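Architecture at a glance
One letter stands for each residue in the lines below.
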Amino acid sequence: MKEMVSNAGQRDRTNQENRPRIMAKWTTRILLSLGILIVLLLAAAVILPIVFKDKIEAAVKEEVNKNINATVDWGEWDISLLRNFPNLSVEVSDVKVSNKAPFEGIDLARIGELSLTMDIKSLWSDKIDLKRIGLKKPYFHVKVLADGAANYDIALADSTAVEEEATEESAFNIGLREYWIEDGHIIYDDEPLTFYLELAGLQHKGSGDFTQDLFTLNTTTTADTVNVRYDGIGYLRKAKADIKADLDMDLPNMKFTFKENEATVNQLVLGFDGWLAMPADDIDMDITWNAKKSDLGTLLSLIPAEFASDMSGVNMSGKAGFRGYVKGTYNDNTMPGFGLDVDVDNGRFQYPDLPKSVENIFIDLNLTSPQGNDMDGLVVDLKRFALTMAGNPVEARMHLTTPISDPNVDAELKAALDLASVKQVVPMEEDLKGNFSADVRMKGRMSDVEAQRYEKFTAEGSMSLQGMEYTSDSIPFDVGIKSLLFDFSPRFRALTNFDGKVGSSNIQAKGRMDNYLQWWLRDSTLVGSFDIAANKLDLNELMGPAEEEDAAATAEADTSAMTVIEVPGNIDFTLKAACGEVIYDDLNLTNVRGGLRVHDQRIDLRDVFFNLFGGSVTMAGGYVAKDITAPRIDLRYDVKDLDIEQTVAYIDMVQKMAPIAKTCKGKFSTTLEMEATLDEAMQPIMSTLLGAGTLRTANVQVDGFQPLVDIAQALKIKEIENTRLQDVAFSYEFKDGKMITKPFDVKIDRIKANVGGTTAFADQAIDYDMKAKIPSNMFGAAAAQTVGSLLGEANRFLGTDVKVPEELDVTVKITGTVDKPIIKPVFAGGTSSVKETVIEAVKETINEEIGKAKEEAIARAKEERDRMIAEAQKQADQMKAQARSEAARVKGEAYAAADKLVNDAKDPISKAAAKVAAQKLKQEADKKEQQFVAEADKRADGLVNTARNKGDDLVRKAEETDTTVK
């Protein structure tokens with residue numbers, strides 16, 4: 001035991017002595033392992049993105065594109081720990097997000113380079129810490145279509161994700177410290193709002209610690225070019241913007257408060273104060289703004305670019321103010337209230353090179369709307385708008401309340417302008433002359449006008465333009481208004497007189513607008529009626545001279561230049577027009593007259609008449625533009641005696657519907673009802689064309705129509721290659737992308753034909769059937785010689801005098817296309833050649849002749865039979881009469897002898913015996929008479945029967961004769 005204890009103690013001492021050495025050994029191993037691990041991690045950080053780059057990229061692209069309704073792609077990319085160690089750096093170049101239908105051809109985003117730096121340790125925490133993120137040369141194009149569809153809405157619906165999001169708040173957060181945009185380009189195009197914004201040369205930088213709940217965000221923004229259009233008016237064009245703004249950020253409450261800030265657009269410098277908060281779905285705000293400069297130039301810089309010239313160097317004076325506010329809550333149901341004040345006091349400006357100025361400018365305008373969603377609370381108070389332009393005064397004021405429920409207006413306008421003075425005030429190349437004057441007053445409530453209480457509403461005065469002349473290098477014609485006069489009343493605004501001239505076209509008009517107040521104040525439909533007259537309307541002159549181009553380029557340009565004609569939905573105008581001449585291109589329409597109604601986004605034509613191409617056209621119908629992507633027409637025509645060549649030259653659709661027309665000379669008349677959808681170039685989409693009509697021609701020359709040429713070659717009848725058609729009339733319809741011609745009779749040269757079939761609009765495929773009777777002598781001398789020899793042999797053999805048939809029946813199947821037709825003629829009897837057809841016709845004619853001879857022979861046989869029977873009957877009747885006469889004579893002699901025997905008896909006994917003997921003698925005489933007559937009748941009947949049998953044999957032989965030519 002002692003030994004064991006001694007050994008154990010010895011081991012403990014040994015272990016204690018070796019422990020430092022063992023610890024050092026394990027420590028060295030651990031440090032070495034950690035060093036190797038760090039080296040491996042660093043190597044992995046460098047090598048793994050390179051080794052697995054393609055696989056990572058493919059997997060990410062597949063996953064991204066699988067979850068959005070767009071196509072995402074990018075170029076070179078790089079992930080590195082070394083560049084900003086220990087932060088992770090990512091760089092991706094040529095990022096592209098391309099939209100799909102209905103936004104084909106639009107890229108939502110194109111980014112030259114996207115770079116970000118993040119704390120790699122944050123990948124294993126509940127918040128991703130982004131140090132910085134930047135975009136180089138980004139291009140963003142946001143498009144909102146008329147139906148509200150937006151190209152930024154690219155996320156695919158995922159009901160599972162929505163449910164999870166609704167029931168569980170995500171633990172994924174991102175912190176950001178700095179972001180920037182270098183040389184950006186942003187386009188926002190919103191069709192429903194008719195709003196367009198473009199920022200180019202955009203530089204933006206923001207910095208702040210988004211990892212904190214409370215911090216200050218410092219931003220700077222500049223843009224070299226700012227373009228803004230709203231409702232068709234350009235408010236900013238190539239403007240410059242410079243914005244510096246610091247915001248106090250309260251992320252837990254999502255409240256952002258303006259600190260030091262300044263926004264400069266052109267010369268307007270604004271300062272903002274207040275805050276904006278988004279605690280939940282609502283957006284609360286209380287923001288005010290005020291112009292930091294009070295000179296007139298700051299305010300004039302807001303004048304829309306459409307109406308303002310370059311104002312650099314302009315001498316300006318006067319004070320101006322521009323301030324406003326937005327206060328309240330924005331959500332789906334409410335809008336914040338707002339207010340705007342604009343004032344100008346004794347303003348004046350004068351261009352340095354012009355002799356006169358605009359002065360005495362006074363503006364006092366206040367707009368307030370306590371609740372933005374209740375626009376009926378809007379008050380527009382224009383206390384004064386006044387200016388004097390080169391000595392010509394303009395004064396206006398307006399006060400408007402309750403604009404939605406019952407507009408209450410008090411407005412007045414007075415002006416007396418010498419238009420020639422405009423050029424002395426504002427730089428302009430155009431020459432303008434004339435005098436404009438206005439003296440109009442309106443006061444009252446719209447409810448009184450609508451209730452026809454006109455005595456309670458004041459609307460009076462007039463507006464006139466006299467002796468106006470306008471000349472500009474931008475238009476190749478002068479515009480002049482000799483007289484224009486509007487008279488105002490509560491019921492209507494009357495166009496009392498209009499007498500004007502556009503180029504060489506003189507125009508006169510008069511009429512009235514019946515509810516102009518409702519249209520102005522309520523945006524209701526404007527109803528009007530006008531009578532318009534003109535001696536000439538030269539559209540060529542109005543459109544300007546065409547540039548010299550080749551025909552194909554010109555046609556292409558004309559087609560591409562045409563766009564869908566939009567028709568306003570808030571007007572209802574009825575027009576009656578008469579024009580002596582309308583000139584368009586080489587078209588001359590004369591004696592133009594008719595009615596026109598523009599309403600409900602459509603144009604209705606009523607009894608429109610004009611002369612054209614040597615004939616006349618009467619038309620009615622409509623053009624409907626409710627869907628501008630697919631406008632429709634429904635038209636009715638009554639066309640009389642139009643020249644075919646001119647019609648084809650100027651109306652392309654005629655060639656598509658009736659290709660034969662381009663080879664015709666003459667006149668045509670037609671009645672037609674049609675409807676179709678139009679394309680973006682206002683041309684009918686032929687597959688949608690529906691309609692029907694009739695066409696008539698009296699005397700038309702057809703030269704070189706390919707199907708007719710090929711028919712002539714197939715039949716070897718050269719005369720019909722170029723021919724004249726007389727008195728053609730047929731019905732047709734449009735359906736299924738084809739023109740369907742109903743069968744009709746027509747005479748082609750001397751050929752009587754019946755033709756019907758279809759022509760396809762798209763590929764000009766044709767499918768027609770022609771049944772014709774062709775004169776035999778049209779087949780030529782060779783065919784006549786062949787037929788003549790055949791007939792000579794037949795007549796000599798049969799003893800007939802058969803001649804060539806005057807006409808041959810032919811059926812022609814016409815398929816293929818108009819330019820490359822396929823002709824298949826089929827002659828009577830199913831033959832396919834002229835020779836076979838003539839032979840068959842000759843055989844038929846000979847058979848007809850022989851058949852006639854056979855009938856005549858049968859008739860003669862029957863006649864002979866009847867004669868023979870009649871002759872036999874006559875002889876038989878004579879034989880019977882002679883037999884009866886002879887029998888009567890013999891009987892009479894026997895009766896006389898019997899009577900003599902009785903008379904010769906002397907005594908009674910002798911008499912009694914004589915009577916008995918006489919009776920017996922008479923009986924024998926009667927019996928002999930009957931026998932003699934019967935034998936004679938038998939011989940006579942036999943004679944008749946023999947004649948009848950002989951006659952029947954003659955008839956039977958005639959009937960059984962074979963007269964068919966093989």
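Figured I'd write up the structure that's included with this text. (Residues numbered from 1 in each chain as written. Predicted model: local features only at pLDDT ≥ 70, side-chain atom pairs only at ≥ 80, totals over all residues. Heavy atoms only, no water.)

With respect to the element layout, threonine 663 can be found in the loop between helix H10 (652–657) and strand E32 (664–665). Under the relative-accessibility criterion, threonine 663 is labelled buried at 15%. Taking the C-alpha atoms as reference points, threonine 663 and asparagine 722, 59 residues apart in sequence, are found 9.6 Å from one another. Once you skip the residues sitting within four places of it in the chain, threonine 663 turns out to touch Gln701, Val702, Asp703, Gly704 and Phe705. (Helix = DSSP H or I, 4+ residues; strand = E, 2+ residues; numbered from the N terminus. Buried < 20%, exposed > 50% of the residue type's maximum accessible area, 1.4 Å probe, protein only. Contact = heavy atoms within 4.5 Å.)

Right, let's talk about the environment of tyrosine 351 for a bit. When you line up the elements, tyrosine 351 lands in the loop between strand E15 (337–350) and strand E16 (358–369). For the pair tyrosine 351 and valine 425, spaced 74 residues apart in the sequence, the C-alpha separation amounts to 7.0 Å.

On to the pattern of salt bridges. Within the structure shown, the criterion is met by 39 salt bridges. Between glutamate 412 and lysine 414 there is a salt bridge, and its shortest N-O distance comes to 3.8 Å. We classify lysine 414 as partly exposed; its relative accessible area is 41%. Note that lysine 813 is salt-bridged to aspartate 769, the shortest N-O span being 3.1 Å. Of this pair, lysine 813 sits in strand E39 (residues 807–816) while aspartate 769 sits in strand E38 (residues 766–775), and the two are 44 residues apart along the sequence. Judged by its relative accessible area of 37%, aspartate 769 is partly exposed. Three or more residues are tied together by salt bridges with common partners; here these are Arg397, Asp410, Glu412 and Lys414. (Salt bridge = Lys/Arg side-chain N within 4 Å of Asp/Glu carboxyl O.)

Our next topic: the packing of aromatic side chains. Remark: the centre distance and the inter-plane angle together describe each pair of aromatic rings, the angle taken between the planes. Applying the stated criterion to the full structure yields 11 aromatic pairs. Among the aromatic residues, those joined into a cluster by ring pairs are Phe730, Tyr732, Phe734, Phe744 and Phe761. Over the face of the ring belonging to tryptophan 275 we find lysine 255, whose NZ or CZ atom lies 4.6 Å from the ring centre. Lying over the aromatic face of phenylalanine 492, arginine 512 brings its terminal NZ or CZ to 3.8 Å of the ring centre. (Phe/Tyr/Trp six-rings, centres within 6.5 Å; stacked < 30°, edge-to-face > 60°. Lys NZ or Arg CZ within 6 Å of the ring centre and 35° of its normal.)

The general pattern is negative phi for most residues beyond glycine and trans for most peptide bonds. Across the junction of alanine 101 and proline 102, the peptide omega takes the value 5°, indicating a cis bond. For proline 102, the position within the fold is in the loop between strand E3 (87–99) and strand E4 (107–119). The backbone of aspartate 183 sits at a positive phi, close to 55°, despite the residue not being glycine. Mapped onto the elements of the fold, aspartate 183 is located in strand E7 (residues 178–190). One non-glycine residue with positive phi stands out, namely aspartate 749, at about 60°.

So, about a negative patch on the surface. Taken together, the side chains of Glu855, Glu856, Glu959 and Glu960 present a region of like negative charge at the surface. Among the secondary structure elements, glutamate 959 is positioned in helix H14 (residues 908–959). (Patch = residues over 30% accessible without salt bridge, like charges linked within 9 Å, V, L, I, M, F, W, Y side chains within 5 Å. Areas by Shrake-Rupley, 256 points an atom, 1.4 Å probe, with all protein chains shown as cover. Lys, Arg positive; Asp, Glu negative; His and termini not counted. Charge placed at Lys NZ, Arg CZ, Asp CG, Glu CD.)

Let us now look at the side chain of serine 115. By secondary structure assignment, the location of serine 115 is in strand E4. Non-local contacts of serine 115, meaning those with residues more than four positions away in its chain, are made with Val90, Glu91, Arg132, Ile133, Gly134 and Trp180.

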